[in-house]
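Take a look at the letters that make up each chain.
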Amino acid sequence: MPDPNGFLRYDRRLPARRPVPVRISDWREVYPPAGEELVREQATRCMDCGIPFCHDGCPLGNRIPDWNDLVRTGNWDAAVESLHATNNFPEFTGRLCPAPCEAACVLGISGGQPVTIKQVEVEIADAAAARGFTPHPVPPPSGRSVAVVGSGPAGLAAAQQLARAGHAVTVYERDDAIGGLLRYGIPDFKLEKRHIDARLTQLIAEGVRFRTGVNVGVDVTAEQLRAEHDAVLLACGALQGRDTPETPGRALRGVHQAMAHLVAANRAVATATTDQAAERRLAPAVLPDGTPIDAAGKHVVIIGGGDTAADCLGVAHRQGAAGVHQLDLYPQPPQERDEARDPWPTWPWVLRSYPAHEEGGERVFAAAVQEFVDDGTGQVRAVRIAEVTVEKRDGRRIVTVVPGSERELPADLVLLAIGFEGTEQQPLLEQFGVSRNPRGAIDARDDWQTDADGVFVAGDMHRGASLIVWAIAEGRAVAAAIHDHLGGVGVLPAPVGPAAQALAAR
């Protein structure tokens, strides 16, 4: 059983990040590996709390107290097994998930210090990766075939689960490499792509086939997929970026969606040699049409306060931006949980500072863009902003400009990181006979099927833009539904249902 006194003997500690001057000179991950002594110490803080509310915070149903105690006692092999029992890719979640499990940790009650669950998780996963991920034995073929459209975490989790059940699985990806946003959306300083490649090696050994550069609905029709496979899973993500077409000057050169910047930067890193990436001697980031979207030497304004905005901030630093402002519509959140607003164990509204924020730039809260200012040639030269107040009335957001508060910020490059409007409208939707709901997502019945029989949906395409743990959880759950639909033997784990929601205050 866990040590009930561990949290009394040890304070919460995380490994030191790499020094700012060092890490912004390359694209390697911000966090170095934690020493085994630190990891075991932090795992020891996980107490025998009786009811582990961390389970409520995590949709995967991770056995958090179990593998914490296994690390505490030095049983790393069993910890790896326990971790993988519920999570196909803990090295991804341990790096990218904001850890709602920690927000629900019993030690976090009344402003306490929750267990460093995420850090322990990634160290267990990395210990397994260091030895090489062992492929599961390929079972006898079921004789049934599944097409998975999209290779993000939901599609990959579903593909692995189905292959391990004996089904023939083919993953179709329109990009030139597998991974979805893990590959070209998440910067390397958060997730080095070697972690994706290691998992792909495992999936291929387990029988999963990958076809890249295939845009389903264009290069391959829905009719062809239906003819070649017994079931189809749509896991194409939610990449339709929210825009501000009504803002004056939106059409100016230099104003872009944030994802365009991140994808271009990731491609520049991916095509660089190891030495070039280490020394920042990369080719400038450009859009597919050759338009520059590199922050080098530019004044950058990032609009948005979430993960995507922070990713753009870190990329801008590494590209050598002259200066960066990050704008957030909402007032600055409190440093600690407001129990009246967000009672434990729900996800709290607090100030979240990412490693990129300590690297430079200025955050501006309670600010809204009034105009993108033209330099006279059709290129943005500044952003005119105003201080605002925000309130909600009858479920609607009311934004009020504070009179006399307008000012200009210099801007050669503006990045819109204000969220996503759901999955993209694309030919495959019409061909499969499915349509987007008012949220821009694809609805699923109780058995994860869309309105088209035999066509399933999961991940952000179903939920809207969400956390990686929800994508993997839905990938595992939809795999169980497809397995049942195909008449597979036995039952696969299904951690969530199509209507499941994150733990939230009522």
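The present account deals with the structure reproduced in this document. Along each chain, the written sequence defines residue order, and numbers are assigned to residues from 1. Whole-chain, interface and lining totals are the exception, using all residues; otherwise, since this is a predicted model, local features are given only for residues with pLDDT of at least 70 and side-chain atom pairs are given and counted only at 80 or more. By convention in this description, side-chain values take in all heavy atoms of the structure and omit both hydrogens and water.

**Points about the packing of helix H10 (residues 153-164) against helix H12 (residues 194-205)**
In plain terms, the rule: Angular values range over 0 to 180 degrees, each being the angle between N-to-C directions of two axes fitted as lines to C-alpha atoms, with helices fitted over their stretch in contact. Numbering goes from the N terminus for both helices and strands, where a helix is a DSSP run of H or I of at least four residues and a strand is a run of E of at least two. Roughly parallel means an angle under 35 degrees; roughly antiparallel means over 145; roughly perpendicular covers 65 to 115; every other angle is labelled oblique. For any pair of crossing helices, the crossing counts as left-handed if the nearer helix is rotated counterclockwise from the farther one by less than a right angle, and right-handed if it is rotated clockwise. Contacts are assigned to residue pairs that have any heavy atoms within 4.5 Å of one another. Only Asp, Glu, Lys and Arg are considered charged in this grouping, and only Ala, Val, Leu, Ile, Met, Phe, Trp, Tyr, Cys and Pro are considered nonpolar; every other residue, Gly among them, is considered polar.
Interhelical geometry of H10 versus H12 gives an angle of 30° and a closest axis separation of 10 Å. Here H12 runs roughly parallel to H10, going by the angle between their axes. In this structure, the crossing between H10 and H12 has a hand that is left-handed. Between H10 and H12, the contacting residues are Leu156, Gln160 and Arg164 on the first element and Leu200, Gln202 and Leu203 on the second. Here the residues of the contact of H10 with H12 sort into 3 nonpolar, 2 polar and 1 charged.

**Observations regarding the pattern of salt bridges**
Pairs can form between side chains of opposite charge once their charged atoms are near each other. This is how the line gets drawn: The working definition used for a salt bridge is a side-chain nitrogen of Lys or Arg within 4 Å of a carboxyl oxygen of Asp or Glu. Here's how the labels work: a residue is buried when its accessible area is under 20% of the maximum for its type, exposed when over 50%, partly exposed in between, all with a 1.4 Å probe on protein chains only.
For the coordinates displayed, the defined rule picks out 33 salt bridges. As a salt-bridge pair, Asp126 and Arg95 come within 2.9 Å of each other at their nearest N and O atoms. Highlighted residues: Asp126 in helix H9 (residues 117-131) and Arg95 in helix H7 (residues 90-96), separated in sequence by 31 residues. Looking at Asp126, the relative accessible area reads 21%, which means it is partly exposed. On the accessibility criterion, Arg95 (15% relative accessible area) is buried.

**Side note on empty space enclosed by the protein**
Here is the rule we go by: Lining residues are defined by having an atom within 4 Å of a point belonging to a cavity or pocket. Those points lie on a 1 Å grid over the protein atoms alone, cavities being sets where a 1.4 Å probe fits but cannot get out and pockets being open sets with protein on both sides within 12 Å along at least five of seven lines. Grid points are joined across faces, edges and corners, and a volume is the space filled by probe spheres set on the points.
Counted by the stated rule, this structure contains 4 cavities of 30 Å³ or more. The space that makes up the largest cavity amounts to roughly 110 Å³. Around the largest cavity, the lining comprises 16 residues; the ones closest to its centre are Cys46, Cys49, Cys54, Cys105 and Val106. With 3 residues, the top contributor of residues to the lining of the largest cavity is helix H5 (residues 64-72).

**Re the nonpolar core**
What counts, and what does not: Within this scheme, the nonpolar core is defined by two criteria: the residues are buried Ala, Val, Leu, Ile, Met, Phe, Trp, Tyr or Cys, and they are joined through side-chain atoms within 4.5 Å.
Residues Ile124, Leu233 and Ile482 are the most contacted members of the largest nonpolar core, which totals 71 residues. At 11 residues, the largest contribution of residues to this core is made by helix H19 (residues 468-485). Among all residues touching Leu233, those that are not within four sequence positions of it are Ala147, Val148, Val149, Ala158, Phe456, Val457, Ala458, Val478 and Ile482. Core analysis: the second largest hydrophobic core is formed by 25 residues, Val30, Met259, Val324 and Leu413 among them.

**Some words on the sheet that holds strand E6 (residues 299-303)**
Which entries qualify depends on this criterion: Only when DSSP finds a minimum of two bridges between them are two strands counted as paired.
Taken in spatial order, the 5 strands make up an open sheet running E5-E13-E6-E7-E8, and their pairing is parallel. Unpaired on one side and paired on the other, strand E5 (255-257) and strand E8 (362-364) mark the two borders of the sheet. Direction aside, neighbouring strands of the sheet carry axes that sit 20° apart on average. Alignment of E5 against strand E13 (residues 413-416), held across 3 bridges, turns out to be parallel. Residue pairing in the sheet places Val255 in a bridge with Val414 of E13.

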